Amino acid sequence: MGRKRGRTCRKRGRKRAFTPEVMGRRTVNISHEMQYVQLRKWLKENGCIDLHLVPADFPDTGRGLMTTKALQPGDTIIALPEKCLLTTQTVHRSYLGKYIERWKPRLSPLQVLCTFLVAERHFGRTSPWKPYIDVLPKAYTCPGYLAEEVLRLLPEALLGKAEVQRRDIRELTLSSEGFFHSLQPLFAESVEGIFTSDALRWAWCSVNTRTVYMERLQSEYFSREPDVYALAPYLDLLNHSPTVQVTAGFNQESKCYEIRTLTKCRRYQQAFICYGPHDNQRLLLEYGFFAANNPHSVIYVEKDVLRTHLLQKDKELNGKLSFLQDRGFLENLTFGFEGPSWRLLAALKVLCLGPDNYSQWKKVLIGLPDSVGNERNSLDLASSLCSHLMNENQKVLQKIYKLMSNRTELLEQLDLVAKLREEERKILQASLVILQRLRNTTTS
């Protein structure tokens, strides 16, 4: 055993670990704030006893959970009893159950959860879920909440998906209006003033960004859509890190949703979980944030951008594009921290082949050796594409910086998109360096 340390020494060590300095800011324990006091009390009343995680404000991530004990691989980060989980079964057992059973066409699990969240938020102090609802964000930063002019500053690949998300939220609201009217007996106020488009957007984002995956038996009273959502109070305060590994799932023996770490975490450090190997565009779309230096993050090369950089005088261009399209090689063409993806380089090699090389098209796509000249041409084209994306990125950043000085009411949203674009610039810079190295190797 190591030598014992005195109480003063332990206090000093605890203080240093507890409040590390990061860029002039410190980690601050916020567990004393009333909303977290009430939530932790509610969790204990519902069977969640071993809470070694405390809410804290971290310099790099904002709100998260700090562990008060060192975690070793295999240790449980959190175990949340089934009673604490908010699922469609919870809603079906509630005052909404008889209304759900009577309603046709059947509601989707997402509609059921969104309806319950809006209703419980409206009930306020009388809601048994108030301690949880009080800590949910009042607004989100996923695309459903972004102002239209901020939305237009997103990368093209993300913009298309963002528009689909906003459409999904609108469709959920419109398709649920009849059911909301059937709930009028439950409320003294008009349901039109309760189940507003803003309220449904908040509920949709709460479910989409904060639920854990938990399969349930299909209920005859719900639509055939998969019932896999579970809102997990307190657990959903855990932040994502692409570098940690965890296992997660519902334990049928303990009747708890459990998360176990596969990596170490020191005492008084932030405990992280991993949502999956998602790139930054996926993280922003689904969760409203992104990870700095994310090893999974990539820049997508869109078909229109690719076409503008090709030799239009190539008589076989349309044939090459059709060939690549049929084999799925015009999708997921990317630049990353490790340079252009194999798929991108393979597609560019096909596009650079001369008019007499049709027999080489298939060979290139299965990774057979290419000529040195075509290899060099494809790297030159990749560099040209990367430089173009760099220039476009810089133009968008200039627009964002200008808006940030003029539209202070959008500052938070603009700052988010600016940082995303700055992360993408780092990826493109890294890719250009790697491409230059590859070109030098090919030339020599």
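Just so you know, these numbers come straight off a predicted model, no measurement behind them.

Calculation rules
Residues numbered from 1 in each chain as written. Predicted model: local features only at pLDDT ≥ 70, side-chain atom pairs only at ≥ 80, totals over all residues. Heavy atoms only, no water. Salt bridge = Lys/Arg side-chain N within 4 Å of Asp/Glu carboxyl O. Helix = DSSP H or I, 4+ residues; strand = E, 2+ residues; numbered from the N terminus. 1 Å grid on protein atoms, 1.4 Å probe; cavity = no way out; pocket = protein on both sides within 12 Å on 5 of 7 lines; lining within 4 Å. Points joined across faces, edges and corners; volume = space filled by probe spheres on them. Nonpolar A, V, L, I, M, F, W, Y, C, P; charged D, E, K, R; others polar. Buried < 20%, exposed > 50% of the residue type's maximum accessible area, 1.4 Å probe, protein only. Pairing = 2+ DSSP bridges. Polar contact = N/O pair within 3.5 Å; in protein donor to acceptor, adjacent residues only side chain to side chain.

Participant: Explain the pattern of salt bridges to me, please; I cannot follow it from the model alone.
Facilitator: Where side chains of opposite charge bring their charged atoms close, a pairing between them can arise. The tally for this structure, following the rule as stated, stands at 17 salt bridges. Between Glu286 and Arg282 there is a salt bridge, with the nearest N and O atoms lying 4.0 Å from each other. Taken together, the positions of Glu286 and Arg282, both in helix H10 (residues 280-287) and four residues apart, correspond to about one turn of that helix. Between Glu392 and Lys395 there is a salt bridge, with its nearest N and O atoms 3.4 Å apart. One end of the pair is Glu392 and the other is Lys395, both in helix H15 (residues 372-406) and three residues apart, which spans about a single turn. Taken together, the salt bridges that share partners define one network made up of Glu148, Arg152, Glu163 and Arg166.

Participant: Is there a simple way to explain the layout of surface pockets in this structure?
Facilitator: Which parts of space are left empty comes out when a probe the size of a water molecule is rolled across the atoms. Within this model, the largest pocket holds a volume of roughly 1600 Å³. Thr61, Gly62, Thr141, Gly288 and Phe289 are the residues nearest the centre of the largest pocket, which is lined by 45 residues in total. Within the residue set of the lining of the largest pocket, elements represented by two or more residues are helix H2 (34-45), strand S5 (62-67), helix H9 (197-210), strand S9 (239-240) and helix H16 (411-443). Considering each element in turn, the lining of the largest pocket owes the most residues, ten residues, to H16. The class makeup of the residues in the lining of the largest pocket is 20 nonpolar, eleven polar and 14 charged. Taken as a whole, the second largest pocket spans an internal volume of roughly 940 Å³. Lining the second largest pocket are 35 residues, with Val207, Asn208, Thr211, Tyr229 and Tyr287 sitting closest to its centre. Listed by contribution, the elements that provide at least two residues to the lining of the second largest pocket are helix H5 (109-123), helix H8 (156-182), H9, strand S7 (211-213), strand S10 (246-251), strand S11 (256-261) and H10. A per-class count over the lining of the second largest pocket returns 20 nonpolar, seven polar and eight charged.

Participant: Hey, could you run me through unusual backbone geometry in this one?
Facilitator: Most peptide bonds adopt trans geometry, and most residues besides glycine take a negative phi value. Cis geometry marks the peptide bond from Lys104 to Pro105; its omega dihedral reads 0 degrees. With respect to the helices, strands and loops of the structure, Pro105 is situated in the loop between helix H4 (97-102) and H5. Although it is not a glycine, Lys255 adopts a positive phi angle of roughly 60 degrees. The topology assignment puts Lys255 in the loop between S10 and S11.

Participant: Whenever I open this one, the pairing of S11 confuses me. Can you help?
Facilitator: Taken residue by residue, a regular strand's side chains alternate between the two faces of the sheet. For S11, a buried count of five out of six residues is recorded, marking the element as mostly surrounded by other parts of the structure. In terms of strand pairing, strand S6 (residues 76-81) meets S11 through five bridges, oriented antiparallel. Directly across from Ala79, in S11, lies its bridge partner Glu258. With six bridges joining them, S10 and S11 adopt antiparallel strand pairing. Paired with Phe250 across the bridge in S11 is Tyr257.

Participant: How should the environment of Glu189 be read in this particular structure?
Facilitator: Residue position: Glu189 is located in the loop between H8 and H9. Judged by its relative accessible area of 42%, Glu189 falls in the partly exposed class. Once the C-alpha coordinates of Glu189 and Cys256 are considered, the two residues, 67 residues apart in sequence, prove to be 37 Å apart. Within polar-contact distance, the side chain of Glu189 engages the side chain of His122 at 3.2 Å.

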